[in-house]
Amino acid sequence: HDALPISTLHVQRRSDLARHIARAEAKKMELPMAIAIGAPEATVIAARAICPHGLDAFDLAGVLQQNAVELIQCGHSEAPAYSEIVIEGFVQPEAHPDERPLFDYNGKSHGHAKTYLFEATRLMHRDEPIFRASALGKPGAEDYQVHEFLEELRLRNAGGSRLWQFVHSLFS
């Protein structure tokens, strides 16, 4: 059969994704994953927050937009319903291609990230999808503004804000 599209995935050691991959790796199973492009803004902002254990970014996004995030069932995982593009596939936990040195969009080296293989199995998209890009990397750019917003809400430090306590109370 035709080869599947493959990409590498760089994962920070202390991220939620790293914990999910570790569980899959312990079970010697691939990890289903959906990558949402053009998801609703609250979902994009919440994805950058550090969620306390037991809560996820969709919980926070629901609070930010004052309405639960509607999810669609993909073949093996879920994705935000109003995403422009969804790429579904599997992370191969035991495959670790060495791509060092790793550099982010700022040109900073991140040799501490682990690299995994992501095999795409399906691509879904809206009619005439919009590929939303971001200006990144310089003070005043979108990533700086989102991080400053999260800092103001104290959401870059898990569990350290009254908002997180409120969010936690909604889902406890």
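Refer to the structure above for everything that follows.
This report concerns the structure included in the present document. The numbering scheme is per chain: residues are counted from 1 as the chain's sequence reads. In keeping with the predicted nature of the model, local features appear solely for residues at pLDDT of at least 70, side-chain atom pairs appear and are counted solely at 80 or more, and the whole-chain, interface and lining totals rest on all residues. With hydrogens and water excluded, all non-hydrogen atoms of the structure serve as input to the side-chain values.

Looking at the overall build of the protein
- Broken down by element type, the protein carries 5 helices and 6 strands.
- Helix and strand assignments follow DSSP, with helices taken as H or I runs no shorter than four residues and strands as E runs no shorter than two, numbered in order from the N terminus. The order of helices and strands in the protein, counted from the N terminus, is β-α-β-α-α-β-β-β-β-α-α.
- A separation of at least 24 residues holds for 66% of the contacts in the protein among residues at least 6 apart in sequence.
- The Shrake-Rupley method, run with a 1.4 Å probe, gives the accessible areas here. Residue values count only the displayed protein chains as cover. Just so you have it, the protein exposes about 11100 Å², and 54% of that area is on carbon and sulfur atoms. Here, residues are in contact when the closest pair of their heavy atoms is within 4.5 Å.

Structural notes on the sheet that holds strand E2 (residues 31–37)
- A pair of strands is labelled paired if DSSP reports no fewer than 2 bridges between them. In spatial order, the strands read E1-E6-E5-E2; together these 4 strands make up an open sheet with antiparallel pairing. The open sheet has two edge strands with one neighbour each: strand E1 (6–11) and E2. Put simply, the sheet's adjacent strands are angled 40 degrees from each other on average, direction ignored.
- The pairing of E2 with strand E5 (residues 85–92) spans 7 bridges and is antiparallel. Bridging across to E5, Ala36 finds its partner in Val86.
- Taken strand by strand, helix H1 (residues 16–26) contacts E1, E2, E5 and strand E6 (114–125), and its axis lies near 155 degrees from that of E2. Here, axes are lines fitted to C-alpha atoms. For helices the fit covers the stretch in contact, and angles between N-to-C directions go from 0 to 180 degrees.

Examining the pattern of salt bridges
- Salt-bridge detection follows one rule: a side-chain nitrogen of Lys or Arg within 4 Å of a carboxyl oxygen of Asp or Glu. Taken as a whole and assessed by the stated rule, the structure comprises 2 salt bridges.
- Taking the shortest distance from any N to any O, the salt bridge between Glu84 and Arg126 comes out at 3.8 Å. Pair noted here: Glu84 is in the loop between strand E4 (78–80) and E5 and Arg126 is in the loop between E6 and helix H4 (142–152), with a separation of 42 residues, a long-range link.
- For the salt bridge of Arg122 with Glu88, the shortest nitrogen-to-oxygen distance reads 3.2 Å. In this pair, Arg122 sits in strand E6 while Glu88 sits in strand E5, placing the two residues 34 residues apart along the sequence.
- For Glu88, a relative accessible area of 2% gives the class buried. Throughout this description, buried means an accessible area under 20% of the type-specific maximum (1.4 Å probe, protein chains only), exposed means over 50%, and partly exposed covers the range between.

A word on the pairing of E5
- Among the 8 residues that make up E5, 7 are buried, leaving the element largely enclosed by the rest of the structure.
- The sheet contact formed by E5 and E6 spans 8 bridges and is antiparallel. In the strand pairing of E6, Phe90 is matched with Glu119.

Shape descriptors only; they carry no functional weight alone.
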